Amino acid sequence: MATTQLEKPKGGPGDFALRTLRAMPRAWNRFWRRVALYMPKRLYARSLIIVIAPMILLQSVVAFVFMERHWQTVTQRLSQATIADIAAVIDMMETYPHDADYANIIRIAQDRMQLKVDLLPPDPLPPPGPKPFFSILDEALSSEITKQINRPFWIDTVGNSNVVEVRVQLEGKVLRVFVRRSQAYASNTHIFLIWMVGTSLVLLMIAIPFLRNQIRPILTLAEAAESFGKGRPMPRDFRPRGAEEVRRAGFAFIQMRERIERQIEQRTAMLTGVSHDLRTILTRFKLQLALAGGKSETKAALNQDIDDMQSMLEGYLSFARGEAEEDTGRFDLETYFQKLGEEAQLRRCKLTTTLTGDPTVHVRPNAFARLLSNVIGNAFRYAKTVEVHASHGRGSLTVTIDDNGPGIAPDKREEVFKPFLRLDEARNLDASGTGLGLSIARDIARSHGGDISLEDSPLGGLRAVIKVPA
């Protein structure tokens, strides 16, 4: 017996709800990314927001609840009592109409109810005036007059006067009553607001310096780490301070820096010793070749091999030495470009240099000169036209070197920075090279907190971009 299975309809309410649930996290993430664009990026500013924002939110809620519950309720009850007194005066006037001038009623109202009562001719009431922006009293009085007296009336609550005027239309006359504002209105509310704002300001004056003292050790640690990352000496007054977690991070950073410096010193000392010993052996080889007889072609080839080995040892030593021992100083780009022009003339290359911004940068001068010499010398070696543009501003230096040489394939551009690597074709085929020039250059750039990248040049060759903080 064959059975048929009904397919579930697509696009039903369940699918819509599922799609909505899946879209909610993405929408939430987009919202917070948009908020993050306008949030401050500094730790101190964010900490202030964390302290101030809850306080403002709490006070806003308290003020709203107070005004909505306490202030409005008290004003409503005061207005109710005041209008009840006015209604009592009207009732006495209507109950004892034989008193022509109502002198006793007016006296009782002034002495017992604190109301100043006058009787006016039966003229029409004034037209309604403009409603005040903050009209709690106006609304309360109008509501109570309508509820308790239910006669035509006119009130004036506008202005800073301490008196509120109420006029009620009676038969053959108009009752005018002057009431102190404090009788119908909770006028001392501003004292609560002043105390609330004042205590908040006092708390902020205490919290902000305390917060600054807590943030300062973190900022000092960040500056020390940044200086070490750029190859600059750490501040002399740096020492772990602040909370226990910040102190632990500071001590860990100091230990890490000491380990890195020890490793660099050990590497440099080891390779310096190896290079010294090998140079001694190479010198001995040269002496033995000079004293030994034999064919001159064989001796020339052996001497060339010895020179190549000595050149390689010098390259190894330069790569291992690094620039850890050199302090930062002033490096003049204009002076360096002048020397570069003389070198271009000797190499018979066309050189164009441009400079934007301050020509003086703060780097390790000898190391930075070696960085530029390695990269620009590489361009001189393989091209006849070289353009160098330096842009210095906003704490950053960008040097762009373009040439019209053969270039390097895109998939080989990262490999040329590896130590001792020499390509078999294009630019890195140099019998006198050791494959360390670009490695040393990138090592120097990164020790300054920057980097080197290779791109296609508008001249048809290779573009090298050097970016370092300066």
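Conventions adopted
Residues numbered from 1 in each chain as written. Predicted model: local features only at pLDDT ≥ 70, side-chain atom pairs only at ≥ 80, totals over all residues. Heavy atoms only, no water. Phe/Tyr/Trp six-rings, centres within 6.5 Å; stacked < 30°, edge-to-face > 60°. Helix = DSSP H or I, 4+ residues; strand = E, 2+ residues; numbered from the N terminus. Buried < 20%, exposed > 50% of the residue type's maximum accessible area, 1.4 Å probe, protein only. Lys NZ or Arg CZ within 6 Å of the ring centre and 35° of its normal. Pairing = 2+ DSSP bridges. Axes fitted to C-alpha atoms, helices over the stretch in contact; angles between N-to-C directions. Patch = residues over 30% accessible without salt bridge, like charges linked within 9 Å, V, L, I, M, F, W, Y side chains within 5 Å. Areas by Shrake-Rupley, 256 points an atom, 1.4 Å probe, with all protein chains shown as cover. Salt bridge = Lys/Arg side-chain N within 4 Å of Asp/Glu carboxyl O. Lys, Arg positive; Asp, Glu negative; His and termini not counted. Charge placed at Lys NZ, Arg CZ, Asp CG, Glu CD.

Novice: Can you break down the packing of aromatic side chains residue by residue, with the values?
Specialist: Overall, the coordinates contain five aromatic pairs when judged by the stated rule. Considering the side-chain rings of phenylalanine 228 and phenylalanine 253, the 6.0 Å spacing of their centres and the 85° angle between planes classify their relative orientation as edge-to-face. Here the residue phenylalanine 228 occupies a position in helix H6 (residues 189–229), and phenylalanine 253 occupies one in helix H7 (residues 244–291), the gap between them amounting to 25 residues. Of the residues examined, phenylalanine 228 reaches a relative accessible area of 22% and is grouped as partly exposed. Using a relative accessible area of 7% as the deciding quantity, one classes phenylalanine 253 as buried. Seen from their ring centres, phenylalanine 238 and phenylalanine 253 are 6.1 Å apart, and the 90° between their planes marks the pair as edge-to-face. Residue phenylalanine 238 is found in the loop between H6 and H7, and its partner phenylalanine 253 is found in helix H7; the two are separated by 15 residues along the sequence. Here phenylalanine 238 matches phenylalanine 253 in class, with each residue buried. Taken together, the ring pairs in this structure connect Phe331, Tyr336, Phe337 and Phe368 into an aromatic cluster. The aromatic ring of phenylalanine 417 is capped on one face by arginine 442, whose charged end is 3.8 Å from the ring centroid.

Novice: An account of the sheet that holds strand E8 (residues 385–393) is requested, with residue identities and associated values reported.
Specialist: Strand order in the open sheet made by the five strands is E6-E8-E9-E11-E10, with mixed pairing throughout. The sheet is open, and its two borders are formed by strand E6 (350–357) and strand E10 (451–456), each paired with just one other strand. Going across the sheet, the axis of each strand differs from the next one's by a mean of 15°, ignoring polarity. Taken together, the seven bridges between strand E9 (residues 396–403) and strand E11 (residues 462–469) define a ladder with antiparallel strand orientation.

Novice: Provide a residue-level description of a positive patch on the surface, including the pertinent values.
Specialist: A cluster of basic residues, Arg212, Arg216, Arg239, Arg241 and Arg247, forms a positive patch at the surface. Tracing the chain through its elements places arginine 212 in helix H6.

Novice: Go over unusual backbone geometry with me, naming the residues and quoting the values.
Specialist: The phi angle at glutamine 114 is positive, at roughly 60°, despite the residue not being glycine. Inspection of the secondary structure assignment puts glutamine 114 in the loop between helix H3 (103–112) and strand E1 (115–120). With a relative accessible area of 38%, glutamine 114 lands in the partly exposed category. With a phi close to 60°, asparagine 150 is a non-glycine residue in the positive phi region.

Novice: Tell me about a nonpolar patch on the surface, and name the residues and values.
Specialist: On the surface, Met270, Val274, Leu278, Ile281 and Phe285 cluster together into a nonpolar patch covering about 420 Å² of accessible area. Considering the arrangement of structural elements, one finds isoleucine 281 in helix H7.

Novice: How would you sum up the pattern of salt bridges? Please name residues and give values.
Specialist: Scanning the model with the defined rule gives 13 salt bridges in all. The residue arginine 151 makes a salt bridge to glutamate 94 at a minimum N-O spacing of 2.3 Å. Within this pair, whereas arginine 151 is found in the loop between helix H4 (136–148) and strand E2 (153–156), its partner glutamate 94 is found in helix H2 (residues 43–95), the two being separated by 57 residues in sequence. Using a relative accessible area of 25% as the deciding quantity, one classes arginine 151 as partly exposed.

Spatial relationships are all this shows, so hold off on functional conclusions.
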